[in-house]
Amino acid sequence: MVSTLVWLPTGVIFVQYFYTLKSVKGRSMQPTLNPDSSPWRDIVVFNRFAIRVLRQYERGDVVALQSPADSKLVVKRVVALEGDTVKTLPPYPDAEVRIPPGHAWVEGDESFHTEDSNTFGPVPLALIESKLSFIVWPLQRWGPLHKHFAPDPAAPRNHAWRAEKAAMEREQWRNSRITVADK
Amino acid sequence: MLPTMSVTGEVVWENRMITPDRLSRGDLVTYVSPLDPTRLVCKRLIGLPGDVVCVDPTGTLAPSTEHVVVPKNHVWLIGDNAAASRDSRVYGPVSMALIKGRLVARVWPLSQFTIFRSNFSYID
């Protein structure tokens, strides 16, 4: 009983400021998270320390943020940071947008089933509360999210090869839509 | 926030257990600045979702004829000392997800103890 009382605050601090486990609902981050091939919801570890304490916001990170439209927690990918210019997707009213200071542009990986910056515009960085560090469940995708590289053209063109190729093309297409601001 | 709060600093009582959609016009709210995620700022709530607000009646930051509708789950926040305040006139409506609390009363200095009430008067 006493040890519970001692360890409870430690646990609360750990979950609030360091790492937390969450299960991801919905298909807006397909195929990175919750792909159709998986019968379960993904369970992932979110890193709060990098965001709440270190304030590391990087393009390409998958983050959990409170949606400005309804304050619910959603998982999206940071596409652009302040100063960058983004070519938007419908239904956003302008063709191009420059990200104002202190804001970021977030998008879901599955652009047809997501409510992201293309509907509500650039989001304040303060709404971002943690970033995804690795997938825990299902076990076949266990591990951190990795960068995608062009797969070896000589390798057998099986399902994994095509998935890797598609992921890389999606990443290239996403990067082609942003103009990164000069430092 | 002059003249509501002094430049020398004072102690206020902040209620952090609020539901942002129960706020009313004229409340003093604290929220994380949309310009800088490390800063907590305090402004007066002017417009609730659905309200039509004039962006800047003085015409310095926007034409005085420009009006906007505050979107769903957003509020319009303005500092009391408009000349020295960066608020919704600069960054537009603020999402309710950024709101952290509401100021209830000033507790120090004791001689200036005040309970903050809405200073709004409505014209029919």
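Model, not experiment: these values are computed from the prediction. (Residues numbered from 1 in each chain as written. Chains lettered and ligands numbered in written order. Predicted model: local features only at pLDDT ≥ 70, side-chain atom pairs only at ≥ 80, totals over all residues. Heavy atoms only, no water.)

Enquirer: What's the story with the overall build of chain B in this structure? I'm lost.
Expert: Summing up its helical and strand segments, chain B has one helix and nine strands in all. Scanning chain B from its N terminus toward the C terminus, one meets helices and strands in the order β-β-β-β-β-β-α-β-β-β. For 124 residues, the compact-globule estimate of 2.2 N^0.38 gives 14 Å, and the C-alpha radius of gyration of chain B, at 14 Å, lies within 12% of that figure. Overall, the C-alpha framework of chain B stretches about 40 × 40 × 30 Å when taken along its three principal axes. The 124 residues of chain B split such that 44% are buried. Once local pairs closer than 6 in sequence are excluded, the contacts in chain B between residues at least 24 apart make up 54%. Accessible surface, chain B as shown: approximately 7100 Å² in total, 57% of it carbon and sulfur. (Helix = DSSP H or I, 4+ residues; strand = E, 2+ residues; numbered from the N terminus. Rg over C-alpha atoms; globule rule 2.2 N^0.38 Å. Buried < 20%, exposed > 50% of the residue type's maximum accessible area, 1.4 Å probe, protein only. Contact = heavy atoms within 4.5 Å. Areas by Shrake-Rupley, 256 points an atom, 1.4 Å probe, with all protein chains shown as cover.)

Enquirer: Any chance you could explain the overall build of chain A here in plain terms?
Expert: Regarding its fold elements, chain A presents four helices and eleven strands. Across its three principal directions, the C-alpha atoms of chain A cover 60 × 45 × 30 Å. Within chain A, the proportion of its 183 residues that are buried is 43%. Taking the intrachain contacts of chain A between residues at least 6 apart in sequence as the baseline, contacts between residues at least 24 apart amount to 55%. Of the roughly 10500 Å² of accessible surface on chain A, 61% is carried by carbon and sulfur atoms. Computing the positive centroid from 23 side-chain charges and the negative centroid from 20, chain A places the two 4 Å apart. (Lys, Arg positive; Asp, Glu negative; His and termini not counted. Charge placed at Lys NZ, Arg CZ, Asp CG, Glu CD.)

Enquirer: Is there a simple way to think about the nonpolar core in this case?
Expert: Inside soluble globular proteins, nonpolar side chains tend to come together where they are buried. Formed by 18 residues in total, the largest nonpolar core has its most connected members in V29(B), Y31(B), L45(B), V75(B), L77(B) and I99(B). Residue assignment for this core shows that the elements contributing at least two residues are strand 2 (28-32), strand 3 (40-47) and strand 6 (74-78) of chain B. Of the residues forming this core, the biggest block, three residues, is contributed by strand 2 of chain B. Those residues within four positions of Y31(B) in sequence are excluded, and the remaining contacts are R39(B), L40(B), V41(B), K43(B), L77(B), Y91(B), V94(B), L98(B), I99(B) and K100(B). In terms of nonpolar packing, the next biggest core, distinct from the first, is built from eleven residues, V63(A), V78(A), V106(A) and L125(A) among them. (Core = buried A, V, L, I, M, F, W, Y, C linked by side-chain atoms within 4.5 Å.)

Enquirer: In this structure, what is going on with the pattern of salt bridges? I would like to understand it.
Expert: Two side chains that carry opposite charge are able to pair once their charged atoms sit near each other. Residue and element names in this part refer to chain A. In this structure the tally under the stated criterion is 15 salt bridges over all chains. Here R141 makes a salt bridge to D42, at a shortest N to O gap of 2.7 Å. Pair noted here: R141 is in the loop between strand 9 (128-137) and strand 10 (143-144) and D42 is in the loop between strand 1 (19-23) and strand 2 (43-47), with a separation of 99 residues, a long-range link. With relative accessibility at 23%, the residue R141 sits in the partly exposed group. One salt bridge connects D84 with R59, and the closest N-O pair in it is separated by 2.6 Å. Taken together, the residues D84 in the loop between strand 4 (73-81) and strand 5 (85-87) and R59 in the loop between helix 2 (49-52) and strand 3 (62-66) connect sequence positions 25 residues apart. Given the relative accessible area of 35%, R59 is considered partly exposed. Here the salt bridges do not stand alone but share partners, grouping K22, R48, R52 and E129 into one network. (Salt bridge = Lys/Arg side-chain N within 4 Å of Asp/Glu carboxyl O.)

Enquirer: So what exactly am I meant to see when it comes to the UniProt feature "domain: Peptidase S26" (unreviewed entry) in chain B here?
Expert: Residues and elements named next belong to chain B. This chain's UniProt record puts "domain: Peptidase S26" (unreviewed entry) on residues 1-56 and 60-108. Segment residues 1-56 splits into 0% helix and 38% strand. End C-alpha atoms: 17 Å apart. Secondary structure content for residues 60-108 is 8% helix and 41% strand, and the end C-alpha separation is 35 Å. (UniProt positions renumbered as here; feature names shortened; annotations may be inferred.)

Enquirer: Got a minute to help me understand the UniProt feature "active site" (unreviewed entry) in chain A in this structure?
Expert: Residue and element names in this part refer to chain A. Per the UniProt record, the feature "active site" (unreviewed entry) sits at S28 and K76. The named residues occupy 49 residues along the chain; their greatest pairwise C-alpha distance, 7.7 Å, places them in one compact cluster. Structurally, S28 is set in the loop between strand 1 and strand 2. Those residues in contact with S28 that lie beyond four places of it in its chain are V75, K76, G108, D109, E110, H113 and T114. Within polar-contact distance, the side chain of S28 engages the side chain of K76 at 3.0 Å. Mapped onto the secondary structure, K76 falls in strand 4. When sequence neighbours within four positions are dropped, the list of residues in contact with K76 reads S28, M29, D61, V62, V63, L65, V106, E107, G108, T114, E115 and D116. (Polar contact = N/O pair within 3.5 Å; in protein donor to acceptor, adjacent residues only side chain to side chain.)

Enquirer: Hey, could you run me through the packing of aromatic side chains in this one?
Expert: Each pair of aromatic rings is reported with the distance of its centres and the angle of its planes. All names here are of chain A. For the structure on display, the rule yields seven aromatic pairs over all chains. Seen from their ring centres, Y92 and W105 are 5.2 Å apart, and the 80° between their planes marks the pair as edge-to-face. Taken as a pair, Y92 in the loop between strand 5 and strand 6 (96-98) and W105 in strand 7 (residues 103-107) lie far apart in primary sequence, 13 residues in all. Among the aromatic residues, those joined into a cluster by ring pairs are F14, F18, Y19 and F49. Lying across the ring of Y17, R52 places its NZ or CZ 6.0 Å from the centre. If you follow R177 out to its NZ or CZ, it ends over the ring of W173, 4.8 Å from the centre. (Phe/Tyr/Trp six-rings, centres within 6.5 Å; stacked < 30°, edge-to-face > 60°. Lys NZ or Arg CZ within 6 Å of the ring centre and 35° of its normal.)

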